[in-house]
Amino acid sequence: MSGTLDFSRCYASSYRTARAKFRRTAADIGAELSAYTHPFAEGPDGGSLSVDVARIGDPKAPRQLVVVSGTHGLEGYAGSAAQIAWMLRMGQLPGDVSVLMVHGINPYGFAHGTRTTEHNVDLNRNFVDHAAPYPENAGYGELHDEVIPKDWSPEGMARVQARLEAFGETHGSDALFDVMARGQYTHPDGIIYGGDRREWSNLTLQAILDDHLGSAEIVGLIDWHTGIGDYKEMFFLCFNEEGGDLHAEAGRWWGRERIVGQRPHGLARPNYQGLAFNGVRDFVGDRPMVGAVVEFGTHAALMRPALILDVWLKTVGDPDPDRVTLLKQHLFDAFVPVSAAWRQASIAHALEITRQAVDGLASSPLSKI
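What comes next is a walk through the structure.

**Examining the packing of helix α1 (residues 15-28) against helix α2 (residues 76-89)**
Stage number 1. Viewed as axis vectors pointing N to C, α1 and α2 meet at an angle of 20°, and their least axial separation amounts to 10 Å. One finds that α1 runs roughly parallel with respect to α2. Read as a crossing pair, α1 and α2 show a hand that is left-handed. Residues Tyr15, Ala18, Lys21, Phe22, Thr25 and Ala26 of α1 pack against Tyr77, Ser80, Gln83, Ile84, Met87 and Leu88 of α2.
Stage number 2. Its residues placed into classes, the contact of α1 with α2 shows eight nonpolar, three polar and one charged.

Here is the structure:
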């Protein structure tokens, strides 16, 4: 198939339609499909929620790429579209490469239009050792009571912004970004809450990899996200050890300039805790794993207010259902812009980045990693 792939063939208007489109596309290319159904959470329509998995290529291939969407719930609309786009244009896989598409790993957040799980847990901070003392984030504890406003209004958010700016003036912009992004494990009603146990989605990701990656000798990972980066551009966060062979391999796949020295929003990278990337690395054991969290850049100035709004809608809320609908529309547009130009650009980037990962895996010097 030649020509530009229209975004509307890949994007969906709801979790249900995204799931149906993903499964239909996977079936059309002969992928092996399986589903992992949530045991208790339901969609807003009362329907069941599932993580769908499509195996493309030889399940016994030694080189296997895992592509995950929906770690941050509503961001799954873009990640789902990226997965569908690649399946529509994948071409011929190298014989020793197989691809595992994990669709909507946080189906509750995807279906309900929130970044978090059913417990207000940021799944991308949940992959820590829950039997050990949790990573500390004293700065967030200092700010929590003033981060979530009592009312969602320009005045309320101005007070929040003033408090954050005061913290930044005292401790520096890098420290503020770290406090507000690294993850916290003390305030269940706060932002970036990492939880007090492994979420169902965390356990399910391990089950999926245990079920499907038995033959893999080397694993690649793309975890699709939105938010960080310039509008319509891509931003890579590689968590392979800086300066190590696996980090260098990621640079070979996607370009060293995208992998080395990343500064999200122009700031020092936070000391992120509990990432799904780290979970996958643990789940595959001693097999080399090369990968990245890949972000579709949206509205940088809206990111922090949108994170706060997401939690405010669940923990404070508003009695006016129409106002809630409008605020949810704003939240959605902050993370998955409705602009056709943005969505078209995301599809083009996704195709390039996934192809680069497949090609990188196919040519990876296993014996040298």
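That shown, we press on.
**Some words on the sheet that holds strand β6 (residues 234-237)**
Stage number 1. The strand order across the open sheet formed by seven strands is β1-β2-β4-β3-β5-β7-β6, and the pairing between neighbours is mixed. Of all the strands in the sheet, just β1 (32-42) and β6 have a single pairing partner and so form its edges. Neighbour to neighbour, the strand axes of the sheet diverge by 20° on average, direction disregarded.
Stage number 2. Two strands pair when backbone bridges link them, and strand β3 (residues 63-68) and strand β5 (residues 218-227) are joined in this way by six bridges, in the parallel orientation. Residue valine 68 lies in a different strand from β5, and its bridge partner there is aspartate 223.

**Considering the packing of aromatic side chains**
The description of an aromatic ring pair uses the distance of the two centres, along with the angle that the planes make with each other.
Stage number 1. Within this structure, the stated rule accounts for 13 aromatic pairs.
Stage number 2. Plain terms: the ring middles of tryptophan 224 and phenylalanine 296 are 5.1 Å apart, the flat faces sit at 20° to each other, and that makes the pair stacked. In this pair, tryptophan 224 sits in strand β5 while phenylalanine 296 sits in strand β7 (residues 289-297), placing the two residues 72 residues apart along the sequence. Across this residue pair, the class does not change: tryptophan 224 and phenylalanine 296 are buried.
Stage number 3. Each residue in the set Tyr15, Tyr77, Phe110 and Phe332 is aromatic and connected to the rest through ring pairs, giving one cluster.

**What to know about the side chain of threonine 298**
Stage number 1. One can find threonine 298 in the loop between β7 and α11 (303-315).
Stage number 2. Judged by its relative accessible area of 2%, threonine 298 falls in the buried class.
Stage number 3. From its side chain, threonine 298 meets the backbone oxygen of alanine 334 in a polar contact 3.0 Å long.
Stage number 4. The contact partners of threonine 298, leaving out residues within four places of it in the chain, are Thr226, Gly227, Gly229, Asp230, Tyr231, Met303, Ala334, Phe335, Pro337 and Trp342.

**Brief notes about the nonpolar core**
Stage number 1. In terms of nonpolar packing, the biggest core is built from 82 residues, with Trp86, Trp224 and Trp254 touching the most fellow members.
Stage number 2. Excluding residues within four positions of it along the chain, tryptophan 224 makes contact with Val67, Val68, Gly79, Ala82, Gln83, Met234, Val294, Phe296, Ala350, Ile353 and Thr354.
Stage number 3. Leu221, Phe239, Leu275 and Val280 belong to the second-largest nonpolar core, a separate cluster that totals 34 residues.

**Regarding the pairing of β3**
Stage number 1. The buried fraction of β3 is high, at six of six residues.
Stage number 2. Here β3 shows two buried faces, one formed by Arg63, Leu65 and Val67 and the other by Gln64, Val66 and Val68.
Stage number 3. Bridging between β3 and strand β4 (residues 97-103) involves six bridges; their strand directions are parallel. Each residue of the ladder has a partner; that of valine 67, found in β4, is methionine 101.
Stage number 4. Following the chain from β3 across α2 to the adjacent parallel β4, one finds a crossover that is right-handed.

**Some details on the pattern of salt bridges**
Stage number 1. Throughout the structure, instances matching the rule amount to 15 salt bridges.
Stage number 2. Of the charged contacts in the structure, one is a salt bridge between arginine 159 and aspartate 151, with a shortest N-O distance of 3.2 Å.
Stage number 3. Under the relative-accessibility criterion, aspartate 151 is labelled partly exposed at 32%.
Stage number 4. Of the charged contacts in the structure, one is a salt bridge between glutamate 249 and arginine 252, with a shortest N-O distance of 2.8 Å. Here arginine 252 and glutamate 249 lie together in helix α8 (residues 245-254), a separation of three residues that amounts to about one turn.
Stage number 5. Given the relative accessible area of 42%, arginine 252 is considered partly exposed.

Rules behind the numbers
Residues numbered from 1 in each chain as written. Predicted model: local features only at pLDDT ≥ 70, side-chain atom pairs only at ≥ 80, totals over all residues. Heavy atoms only, no water. Axes fitted to C-alpha atoms, helices over the stretch in contact; angles between N-to-C directions. Helix = DSSP H or I, 4+ residues; strand = E, 2+ residues; numbered from the N terminus. Parallel < 35°, antiparallel > 145°, perpendicular 65-115°, else oblique. Left-handed = near helix turned anticlockwise from the far one by under 90°. Contact = heavy atoms within 4.5 Å. Nonpolar A, V, L, I, M, F, W, Y, C, P; charged D, E, K, R; others polar. Pairing = 2+ DSSP bridges. Phe/Tyr/Trp six-rings, centres within 6.5 Å; stacked < 30°, edge-to-face > 60°. Buried < 20%, exposed > 50% of the residue type's maximum accessible area, 1.4 Å probe, protein only. Polar contact = N/O pair within 3.5 Å; in protein donor to acceptor, adjacent residues only side chain to side chain. Core = buried A, V, L, I, M, F, W, Y, C linked by side-chain atoms within 4.5 Å. Right-handed = clockwise from strand over helix to strand, strands pointing away. Salt bridge = Lys/Arg side-chain N within 4 Å of Asp/Glu carboxyl O.

That is the geometry; function is a separate question.
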